[in-house]
Structure formats: structure tokens, C-alpha cells
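Understanding the architecture of this molecule
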Amino acid sequence: MRIVLGHGASGNAASMKPYVVGFERRGLDAIAVDLPKGTAERAVPVFIKTSGRGHGVIGGGQSFGGRVASMAAIEADFGGLILFSYPLHRPGFPDQLRTEHLPLIRCPTLFMSGDRDPFARIDLLKTWVKVVPNSRLEIFKGQGHGLLAVLDQALDVAADFIKTIK
């Protein structure tokens, strides 16, 4: 399996290097893709062009990149998704959810979020994770939007999750 990761809205492929290196240290093939600025919808074709299609691809990413990967998974039929700090809503706007596509995801999905993430109120995230079949949520106490402070732990969880995907 190949892991393809998208970056956050203010990042680029190079900003995902700690994730790529961390997966490679765990014996997993990973790359990062440069996504265009703008909307997630605009970035989806770029993600799919880099990732390819099918069950041999694990899509994922940090924040915006994870949202893009989750949207791409529906069209590209990925084998799984790993979503670091999924941006469920804009900070301060929990009534403006980014969830339209979540019920359409069919691959195993791992959501990982800090319990202090202003982009994803945990109570709302717990509810929405349930609409994605074969999904689970890992919460990191004391973490905000971004998991770099607990990246080794998050990557261990992700690597264990990948081993369960067939």
C-alpha cells in the first residue's frame, strides 16, 4: 500500500516531511502531494492525479489535505483514509460543517484529532465519525489543530490502523 498525504491550507508538500519520514521509518511507503490553494473541490483532481486510484492507495493528510483526501476517496476508491486534524468546521463556526461527503466514504477511515482543536469540536466530531462506515476516532488530549507534538504517537496509531486494512 502507498500512503499519499495532502498538506494543510497554509502548507505545501515539504511541510508534510515529518509525516512521510515517520511512515517510512515504520516500513510504510508514503509521499506528499502539493495541492493548489483555494477550495478543496479544486484540489481533489490534483490529489487523485498524484495518488492514483484503487485499494492500493491510502489517502490522507493534515487538515485541508485530509479533507481533500476524504473527498478524493469517494471518486478514487481508496483502500483507506488517515485524517490528521480533520477541519470539521471553521473556528467559531460549528454550525457550518464540512460534512456533505462524509456519508459517501466507503473505505476504512481513521480520524485523529486534538481535544482542543478549534476546527473540530470533539462532540461534533464524535457524531460525524459515526456516519462514515468502518471508521474510528483517536483523540489526543491537550492537542489543538495539528498533531506535531504527538506525531510519533499518532503515526503509531496510523500504522496499526493500516495493518488492519485488507
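Just above, that's the structure.
Description of the structure in this document. (Residues numbered from 1 in each chain as written. Predicted model: local features only at pLDDT ≥ 70, side-chain atom pairs only at ≥ 80, totals over all residues. Heavy atoms only, no water.)

Another point: the packing of aromatic side chains. Applying the stated criterion to the full structure yields three aromatic pairs. Residues Tyr-19 and Phe-84 carry aromatic rings whose centres are separated by 4.9 Å and whose planes lie at 70 degrees to one another, so their mutual orientation is edge-to-face. Within this pair, whereas Tyr-19 is found in helix α1 (residues 17–25), its partner Phe-84 is found in strand β4 (residues 80–84), the two being separated by 65 residues in sequence. Neither Tyr-19 nor Phe-84 differs from the other in exposure class; each is buried. Pairing Tyr-86 with Phe-111 gives two aromatic rings, centres 5.9 Å apart and planes at 80 degrees, and the pair type is edge-to-face. Note that Tyr-86 is positioned in the loop between β4 and β5 (109–114) and Phe-111 in strand β5, a separation of 25 residues in sequence. Of the two residues, Tyr-86 and Phe-111, neither departs from the other in class, the shared state being buried. Stacked on the ring of Phe-93, the Lys or Arg Arg-90 has its end atom at 4.0 Å from the ring centre. (Phe/Tyr/Trp six-rings, centres within 6.5 Å; stacked < 30°, edge-to-face > 60°. Helix = DSSP H or I, 4+ residues; strand = E, 2+ residues; numbered from the N terminus. Buried < 20%, exposed > 50% of the residue type's maximum accessible area, 1.4 Å probe, protein only. Lys NZ or Arg CZ within 6 Å of the ring centre and 35° of its normal.)

Of all hydrophobic cores here, the largest spans 31 residues; its most connected members are Leu-35, Phe-47, Val-68, Phe-78, Leu-81, Phe-111 and Leu-125. Of all the elements, helix α3 (residues 64–76) adds the most residues to this core, at seven residues. Ignoring sequence-local partners within four residues, the contact set of Phe-111 consists of Leu-83, Tyr-86, Leu-102, Leu-125, Val-129, Val-132, Ser-135, Arg-136, Leu-137 and Glu-138. Formed by 23 residues, the second largest nonpolar core is a distinct cluster that contains Tyr-19, Ile-82, Leu-155 and Val-157. (Core = buried A, V, L, I, M, F, W, Y, C linked by side-chain atoms within 4.5 Å. Contact = heavy atoms within 4.5 Å.)

Here we take up the sheet that holds strand β1 (residues 2–6). Strands sit in the order β2-β1-β3-β4-β5-β6 across an open sheet of six strands; the sheet is parallel. Strands with a single pairing partner mark the edges of an open sheet, and in this sheet they are β2 (29–33) and β6 (135–140). Direction aside, neighbouring strands of the sheet carry axes that sit 15 degrees apart on average. Running over the sheet, helix α2 (residues 40–51) touches β1, β2 and β3 (57–62) and is turned about 155 degrees from β1. Relative to β3, α3 is tilted by about 150 degrees, and along the sheet it contacts β1, β3 and β4. (Pairing = 2+ DSSP bridges. Axes fitted to C-alpha atoms, helices over the stretch in contact; angles between N-to-C directions.)

A few words now on the packing of α1 against helix α5 (residues 151–164). Where α1 meets α5, the axes come as close as 10 Å, and the angle between the chain directions of the two elements is 55 degrees. In terms of orientation, α1 lies oblique with respect to α5. Classified by chirality, the crossing of α5 by α1 is right-handed. Taking contact as the criterion, the partners of Pro-18, Tyr-19, Gly-22 and Phe-23 in α1 are, on α5, Leu-151, Leu-155, Ala-158 and Ile-162. By residue class, the composition of the contact of α1 with α5 is seven nonpolar, one polar and no charged. (Parallel < 35°, antiparallel > 145°, perpendicular 65-115°, else oblique. Left-handed = near helix turned anticlockwise from the far one by under 90°. Nonpolar A, V, L, I, M, F, W, Y, C, P; charged D, E, K, R; others polar.)

Attention now goes to unusual backbone geometry. Unusually for a residue other than glycine, Ser-85 sits at a positive phi of about 55 degrees. Tracing the backbone through its elements, the reader meets Ser-85 in the loop between β4 and β5. Assessed through its relative accessible area of 0%, Ser-85 is described here as buried. One non-glycine residue, Asn-134, lies in the positive phi region at around 55 degrees. Looking at where Asn-134 falls in the secondary structure, it is placed in the loop between α4 (122–129) and β6. Of the residues examined, Asn-134 reaches a relative accessible area of 57% and is grouped as exposed.

Checked against the element boundaries, Gln-143 lands in the loop between β6 and α5. Setting aside chain neighbours within four positions, we find Gln-143 in contact with Gly-114, Asp-115, Arg-116, Asp-117, Ala-149 and Val-150.

So yeah, pure geometry; function would need other evidence.
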